[in-house]
Amino acid sequence: MASRWRRAVMISAVMAAAAVAASSAKVAGALASLPRVDVPTYSKDVAPIVQRNCQVCHRPGEAGPFSLLTYDDARPRATAIKNAVVAGKMPPWFADPHYGKFSNSMSLSASEIDTIAKWADGGAPQGDPRDLPKPAGWVEGWGIGRPDMIVELPLPFDVPARGVVDYQHIVVPTHFTEDRWIQAAEVRPTERMVVHHIIAFVREPKSKWFRGQPAGVFFTAPKVSTDEETEAGALPSDFLVGYAPGQPAEILRPGLAKLIKAGSDIVFQLHYTPNGYALTDRSRLGIIFARQPPKERVLTLSAVNSTFRIPPGDPNYRVDASFEVGTDVKLASLHPHMHGRGKDFEYRAVFPSGKTDILLKVPRFDWHWQNWYNLEQPIALPKGTRIDCTAHFDNSPNNPENADPTREVTWGDQSWDEMMVGFFNLVFDASLPVDQLFVKKPKAEIGGSTRRIIALAEPGQTIHQPFADAALRWLQETAPKEGFTVDYIRTTDPIDDAYLAAHDLFVQVNYPPYRWTPVAEAAFKKAMEQGTIGWVGFHHASLLGKFDGFEMSPFFHQFMGNIVFKSYIPDFASGTVRVEDSAHPVVKGLPAAFTIENDEWYTYDRSPRPDVHVLANVDENSYEPARTVKMGDHPVIWTNTHYKGRNVYFQFGHKADLFQNSAFKTLFLNAIRWASER
């Protein structure tokens, strides 16, 4: 009995020990499954960071390659997430933190990066799901939330697997019967892999842009020639919203809105880039309307330089652009745009007082992720403030994004070309006419006995712009000696009756007739008929016909001698110009024949001679190298005596080298002196 008792005690002890051991093991296991006190958890510490800085892209249907909406999404990628944030690769935010404060900043603080790193290194624990933040409530397929209206491409576009696709355009009517204010807008491709960018423009009812193009059909903008883009760098209508990798939706604060006038159309511009797979895209535009008319209007404008020529191999080529505001406005956001050679970008505000503030610095531009930078508080820009932009480009072999470091790079649409655009959003009183945003000098400022010259040169040319730049330099150098001043404009927006009346001469350096606003064209026609201003035009002024979606101008057709642009001789050639009216002041001091080197000679459907007074013609047999395209009777300098305003047109004016030609400079100066007299 004693032995049985001892055996029972021993069994009890063993069982008790086993129970204690089992209990200890369970406790140890439970403790092991809990995070250490110093390890952050996903639910409490990491999820708020991911929701605020990552989920905008890392969710179904967005640009991120995987979703990060849940712990199960994030846990397998914990180490990769840590490595990306520690290296500064994610989230993609490139603003120098020393300049500007931005409401949409996705940059992580040092403590946030440390939290993610400790979480990943500590086993990426989930923590208590009750600590999770409230879900963001994303609407799949849209960053603006559920749209009030969706404008879809009327038909899909088939993108080939290979090759180059020219920019596509398609006009989609809004059918708005009243003005509509837009609180938010977003344009999205259905096949991101083959879409480089999309821009949705608003074409107002009276706009000539692409007038005549049927709605609902894809088309390529007509080009003047294969080596120029007449719309490059210019916004031909109101920029509503764009898409590019990393570019967010346009979501405006309450009280701000963009305007789509009644009867307007949406013009989509789409840049497709084949990538080895034949895909079909049917992009969409989502719109949320403002619930009431806003106090302030938002307009997207830009500072553009499309005249650059980046030398082969240059690792740090500088390009500058500027925009001067014509009235008091506020600056709300900034968006630098370049291609693969883009290296860095800076915005500055230069105030009338001379004070300069750096608005934004992007020291390492990434063309794969092109952010808008929305200011926390809009900045007041008084009238006369300049928005100056400076960019640098790396065209060296050390740039892995460089398509070809051996070639000179100029402005161009395709990704292997370059662009330099400093977009920005201006905020102003909703009742303010848009033309007041542009510099327009009142008559009181530009009056006086000194002759005032308007020099109009359109930005955004890849071929003609060097000539325009050289003309501006020559005019500025010549002005003090000749007693005149120059007001340089880049669009016809400032032109009306009062503006022309305050000037003596209009030099159309580089601007086609089909790009004029109706107000400017009517004012110029009236001034020429009444003889209140003189005119000197070059080369581009006789591009008469239907170009880039614009209609023929009846006035300019008549003014230039009832001609229609037909073509140009292939490539370039030097030619002998023969003077016909040696007594005319414009050709005073010139020999009977002189050479214009290496120019592009336009041809027309007929000679203007029956309707103009010809001062000189080109000897088509003198072309060097010889050319087979000829007109026969080929006037190249003429004046239209049916108008009271003195006027003279020079067909040449293609290259900056002309300002090394003494005969050309004599012609230009003679024309200024003669045409500016009353």
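The structure displayed is predicted, hence computed values, not measured ones.

(A) Structural detail: the overall build of the protein chain. Check the secondary structure of the protein chain and you find 11 helices and 30 strands. Pairs at least 24 residues apart make up 81% of the contacts formed inside the protein chain by residues separated by at least 6 positions. Summed over all atoms, the accessible surface of the protein chain reaches about 29,800 Å², with 53% contributed by carbon and sulfur.

(B) Fine view of helix α9 (residues 518-530). Between the first and last C-alpha of α9 there are 18 Å, a value that for 13 residues agrees with the 18 Å anticipated at 1.5 Å per step. Burial in α9 covers these residues: Ala520, Glu521, Ala523, Phe524, Ala527 and Met528. Taken around the axis of α9, the buried residues stretch over an arc of 165 degrees, which confines them to a single face. Turned more than 90 degrees from where α9 packs its buried face, Pro518 and Val519 sit exposed. In this structure, the buried residues of α9 make contact with α8 (497-501), β22 (505-510), β23 (534-538), α10 (554-559) and β30 (647-650). Remark: glycine 531 follows α9 within two positions and exhibits a positive phi of approximately 75 degrees.

(C) Spatial organisation of the confidence of the model for the protein chain. Confidence in the prediction for the protein chain averages 86 pLDDT; 90% of positions are at 70 or higher. No element of the protein chain has a lower mean pLDDT than helix α6 (residues 443-446), at 35, and none a higher one than β30, at 97. Every residue in residues 1-33 is under pLDDT 50, and counting partners more than four places away or in other chains gives 0 contacts. Here residues 441-449 is a poorly scored stretch, pLDDT under 50, and it has 8 contacts once near neighbours within four places are set aside; other chains count.

(D) Seen up close, unusual backbone geometry. The linkage connecting methionine 90 with the following residue, proline 91, adopts the cis geometry, with an omega of -10 degrees. The residue proline 91 is located in the loop between α4 (78-86) and α5 (110-121) in this model. A cis geometry characterises the amide bond from glutamate 624 onward to proline 625, with omega recorded as 0 degrees. Position of proline 625 among the secondary structure elements: in the loop between β28 (613-624) and β29 (635-639). Positioned with a positive phi, histidine 539 is a non-glycine residue whose angle comes to about 35 degrees.

(E) View of the side chain of threonine 478. If you trace the backbone, threonine 478 turns up in helix α7 (residues 465-482). Classification of threonine 478 as buried rests on a relative accessible area of 7%. In this structure the side chain of threonine 478 is engaged in a polar contact, spanning 2.7 Å, whose partner is the backbone oxygen of tryptophan 474. Look past the residues within four positions of threonine 478 in its chain and what remains in contact with it is Phe484 and Leu669.

(F) Summary view of the sheet that holds strand β15 (residues 342-350). Strand order in the open sheet made by the 4 strands is β13-β18-β15-β16, with antiparallel pairing throughout. Every interior strand has two partners, whereas the edge strands, β13 (317-324) and β16 (356-362), have only one. Averaged over all adjacent pairs, the angle separating strand axes in this sheet is 20 degrees, with direction ignored. Strand direction decides the pairing type here: β13 and strand β18 (residues 386-393), joined by 8 bridges, are antiparallel. Each residue of the ladder has a partner; that of aspartate 320, found in β18, is threonine 390.

(G) Representation of the side chain of asparagine 670 in the model. Its place among the elements puts asparagine 670 in helix α11 (residues 662-675). Residue classification places asparagine 670 among the buried positions, given a relative accessible area of 9%. A distance of 2.9 Å separates a polar atom in the side chain of asparagine 670 from the backbone oxygen of lysine 588. If we skip the residues at most four places from it in the chain, asparagine 670 touches Pro585, Val586, Val587 and Lys588.

(H) Molecular detail of the nonpolar core. In terms of nonpolar packing, the biggest core is built from 95 residues, with Leu426, Phe506 and Phe524 touching the most fellow members. By size, the runner-up hydrophobic cluster in this structure holds 47 residues, among which are Trp474, Val587, Ala616 and Val648.

(I) Main features of the sheet that holds strand β26 (residues 593-599). Strand order in this open sheet of 9 strands is β21-β20-β22-β23-β30-β29-β28-β25-β26, and the pairing throughout is mixed. Two strands close off the open sheet at either side, each with one partner strand: β21 (484-489) and β26. Each adjacent strand pair in this sheet contributes to an overall mean axis angle of 20 degrees, direction not counted. By the bridge criterion, 4 bridges tie β22 to β23 in an arrangement that is parallel. The residue of β23 that forms the bridge with leucine 505 is glycine 534. Across the sheet, α7 touches β20 (451-457), β21, β22 and β23, and the angle it forms with β21 is around 155 degrees.

About the criteria used
- Residues numbered from 1 in each chain as written.
- Predicted model: local features only at pLDDT ≥ 70, side-chain atom pairs only at ≥ 80, totals over all residues.
- Heavy atoms only, no water.
- Helix = DSSP H or I, 4+ residues; strand = E, 2+ residues; numbered from the N terminus.
- Contact = heavy atoms within 4.5 Å.
- Areas by Shrake-Rupley, 256 points an atom, 1.4 Å probe, with all protein chains shown as cover.
- Expected span 1.5 Å × (residues − 1).
- Buried < 20%, exposed > 50% of the residue type's maximum accessible area, 1.4 Å probe, protein only.
- Arc of directions from axis to C-beta.
- pLDDT = per-residue confidence, 0-100.
- Polar contact = N/O pair within 3.5 Å; in protein donor to acceptor, adjacent residues only side chain to side chain.
- Pairing = 2+ DSSP bridges.
- Axes fitted to C-alpha atoms, helices over the stretch in contact; angles between N-to-C directions.
- Core = buried A, V, L, I, M, F, W, Y, C linked by side-chain atoms within 4.5 Å.

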